[in-house]
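Chains, contacts and geometry: an overview
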Amino acid sequence: MAEYNPKNEVAKKQYEEALLHGKCRDSKTVKAVWSSINLFEEFSDHADFRSLNAEQAKSFKAWLEKRTNQKGQSLSVSTMRSTLHVLREFFEWLAIHPQYVRKVDGRAVQYLRLSDNQNRAGRASRENPAPKLHELSKALEAMPSGTDIQKRDKALFAFTVITCIRDDALVSLKIKDVDAGRKTVWQNPKHVRTKRRKPIHTRFVGQVMPEAEEVVLDWLQHTHEVLFMKPDDPLFPKTLVENDPDTMTFKVNGLSRAHWANAQPVREIFKAAFHRVDLPYYHPHIFRKTIVAWAQENCSQREFKAISQNLGHDHAMTTYNAYGGLSVDEQFRVIENIGAAHTELASVPTDAILREVARRTGK
């Protein structure tokens, strides 16, 4: 069994350069692409990419359906759909590359596709319930704040509630990015890892949970007056772990002046906070659904637009589509209560309504 194919490696490297520098894809995305291509090579025993044909494409799909993941379970339809999509893009690029044009069967590329029914199933997603505001308040209240580390954890949780900032951006924020006086956050893409490195201006939405805003403001004061942190220091620094020469073990020794490398520690903090009050774990990102639900019930159209921009969206419909969906129970409850807020209109005769419309429109 071949371990690699030199010609394929050249093509993969060229495609990597095209993704990174031609399409400006993130390195994490490129790594995922490599995994899918390597999977195809595993199936084909590293056969030359130029040998792709319809039969090979169909055989790969059948092989993929029989493959299992690390848990011994069959691959999900969404995983197969994603893998085939990546491979289609790769072979379509290969088919028009000057070195491979007329050497790759472009017609066979279309066979790397699931059926319409499977595609629809692959796009389906399970409803992920968002936490209620009273649940977030309960978790926040139960978080201790005796030490610097505990103060940081509690402020981090509260900050997420009133800003709904993405966790990867959260761990890359600096002290200078937050204006405590104006209660604003400048997500500067030069160093803050926002989605697609987009600049985002965010203001605290303290109306959602005033006690959370108070925790954040206390933390900002603490970083300045007690920790003496500088503008370029991380807003939420990682825990300092040092070697104890006496016991030859590592021990926690307060806070460092360095950023976390990724958002995994944030998720662990959230898990502990919810576990402390016997609540299921809610991913930080799903807090957005909670705030959007609050905005739908409490904000005017103009105010909702402001919330949308606070989340980094150019269009309010993006916010509605991504986070404004109703659960089935909410859907039924809203429909049941249609018109309940204006019961006085039910007794107004139709003729009177038409006369009023005519008066207001001048017709």
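Residues numbered from 1 in each chain as written. Predicted model: local features only at pLDDT ≥ 70, side-chain atom pairs only at ≥ 80, totals over all residues. Heavy atoms only, no water.

1. Focus: the overall build of the protein chain
The helix and strand tally for the protein chain stands at 16 helices and five strands. Taken against the 2.2 N^0.38 rule, which gives 21 Å for 363 residues, the C-alpha radius of gyration of the protein chain at 27 Å runs more than 25% over that of a compact globule. With respect to the principal axes defined by its C-alpha atoms, the protein chain has extents near 85 × 70 × 40 Å. Across the 363 residues that make up the protein chain, the buried fraction comes to 38%. Considering only contacts within the protein chain whose residues lie at least 6 apart along the sequence, 59% involve residues at least 24 apart. Here the protein chain displays about 21900 Å² of accessible surface, and carbon together with sulfur accounts for 52% of that area. (Helix = DSSP H or I, 4+ residues; strand = E, 2+ residues; numbered from the N terminus. Rg over C-alpha atoms; globule rule 2.2 N^0.38 Å. Buried < 20%, exposed > 50% of the residue type's maximum accessible area, 1.4 Å probe, protein only. Contact = heavy atoms within 4.5 Å. Areas by Shrake-Rupley, 256 points an atom, 1.4 Å probe, with all protein chains shown as cover.)

2. Thoughts on the pattern of salt bridges
Opposite charge on two side chains makes pairing possible when the charged atoms of those side chains draw close. One pass over the structure, following the stated rule, counts 17 salt bridges. Between Lys-176 and Asp-232 there is a salt bridge whose closest N-O contact spans 2.7 Å. Of this pair, Lys-176 sits in the loop between helix 9 (167–170) and strand 1 (178–179) while Asp-232 sits in the loop between helix 10 (210–225) and strand 4 (239–244), and the two are 56 residues apart along the sequence. Using a relative accessible area of 46% as the deciding quantity, one classes Lys-176 as partly exposed. Taking relative accessible area as the criterion, Asp-232 reaches 45% and is therefore assigned partly exposed. Taken together, the salt bridges that share partners define one network made up of Glu-9, Lys-12 and Glu-41. (Salt bridge = Lys/Arg side-chain N within 4 Å of Asp/Glu carboxyl O.)

3. Some words on the sheet that holds strand 3 (residues 200–203)
Within a beta sheet, neighbouring strands are joined by backbone hydrogen bonds and run either parallel or antiparallel to one another. Strand order across the open sheet formed by three strands is 1-2-3, with antiparallel pairing between neighbours. Whereas interior strands pair on both sides, the edge strands pair on one side only; in this sheet they are strand 1 and strand 3. Relative to strand 2 (residues 184–187), strand 1 runs antiparallel, the two being bridged by two bridges. Residue pairing in the sheet places Val-178 in a bridge with Val-185 of strand 2. (Pairing = 2+ DSSP bridges.)

4. Things to note about the layout of surface pockets
Considered as a void within the structure, the largest pocket measures approximately 640 Å³ in volume. Taken together, 25 residues make up the lining of the largest pocket; nearest its centre are Lys-132, Lys-289, Ala-293, Gly-325 and Glu-330. At the level of secondary structure, the elements contributing two or more residues to the lining of the largest pocket comprise helix 12 (287–298), helix 14 (316–323) and helix 15 (328–336). No other element matches the six residues that helix 12 contributes to the lining of the largest pocket. Partitioning the lining of the largest pocket into residue classes produces eleven nonpolar, eight polar and six charged. Roughly 490 Å³ of volume is contained in the second largest pocket. (1 Å grid on protein atoms, 1.4 Å probe; cavity = no way out; pocket = protein on both sides within 12 Å on 5 of 7 lines; lining within 4 Å. Points joined across faces, edges and corners; volume = space filled by probe spheres on them. Nonpolar A, V, L, I, M, F, W, Y, C, P; charged D, E, K, R; others polar.)

5. Some details on the packing of aromatic side chains
If you walk through the whole model with that rule in mind, you get 22 aromatic pairs. Geometrically, the ring pair formed by Phe-274 and Tyr-282 is edge-to-face, given 5.3 Å between the ring centres and 75° between the ring planes. Relative accessible area serves as the criterion here: at 0%, Phe-274 is assigned to the buried category. Looking at Lys-271, its charged tip hangs above the ring of Tyr-281, at a distance of 5.4 Å from the centre. (Phe/Tyr/Trp six-rings, centres within 6.5 Å; stacked < 30°, edge-to-face > 60°. Lys NZ or Arg CZ within 6 Å of the ring centre and 35° of its normal.)

6. What about the nonpolar core?
Counting 55 residues, the largest nonpolar core has Phe-157, Phe-159, Leu-235, Phe-236, Phe-274 and Phe-287 as the members making the most contacts within it. Elements supplying a minimum of two residues to this core: helix 7 (133–142), helix 8 (148–163), helix 9, helix 10, helix 11 (264–276), helix 12 and helix 13 (301–310). Broken down by element, the residue count for this core peaks at eight residues, all from helix 8. In contact with Phe-274, not counting residues within four places along its chain, are Leu-136, Ala-139, Phe-157, Leu-279, Pro-280, Tyr-281, Tyr-282 and Phe-287. (Core = buried A, V, L, I, M, F, W, Y, C linked by side-chain atoms within 4.5 Å.)

7. What to know about empty space enclosed by the protein
Summed over the entire model, instances satisfying the criterion amount to one cavity of 30 Å³ or more. Taken as a whole, the largest cavity holds about 40 Å³ of empty space. Contributing to the lining of the largest cavity are Thr-163, Cys-164, Ile-165, Arg-166, Gln-187, Ile-200, Thr-202, Arg-288, Asn-310, Leu-311 and Gly-312. Here the residues of the lining of the largest cavity sort into four nonpolar, five polar and two charged.

8. Notes on a negative patch on the surface
On the surface, Glu-141, Glu-211, Glu-214 and Asp-218 cluster together into a negatively charged patch. Examining the composition of the negative patch, we find that three residues originate from one element, helix 10, more than from any other. For Glu-214, the position within the fold is in helix 10. (Patch = residues over 30% accessible without salt bridge, like charges linked within 9 Å, V, L, I, M, F, W, Y side chains within 5 Å. Lys, Arg positive; Asp, Glu negative; His and termini not counted. Charge placed at Lys NZ, Arg CZ, Asp CG, Glu CD.)

9. Things to note about helix 12
The end-to-end C-alpha distance of helix 12, which contains twelve residues, comes to 17 Å, matching closely the 16 Å that a straight helix rising 1.5 Å per residue would cover. For helix 12, the set of buried residues is Phe-287, Arg-288, Thr-290, Ile-291, Val-292, Trp-294 and Ala-295. Contact partners of the buried residues in helix 12: helix 7, helix 8, helix 11, helix 13 and helix 14. (Expected span 1.5 Å × (residues − 1).)

10. A look at a nonpolar patch on the surface
A grouping of Leu-326, Val-334, Ile-335 and Ile-338 is seen on the molecular surface, where their side chains present a nonpolar patch of about 400 Å² in accessible area. Note that Ile-335 resides in helix 15.

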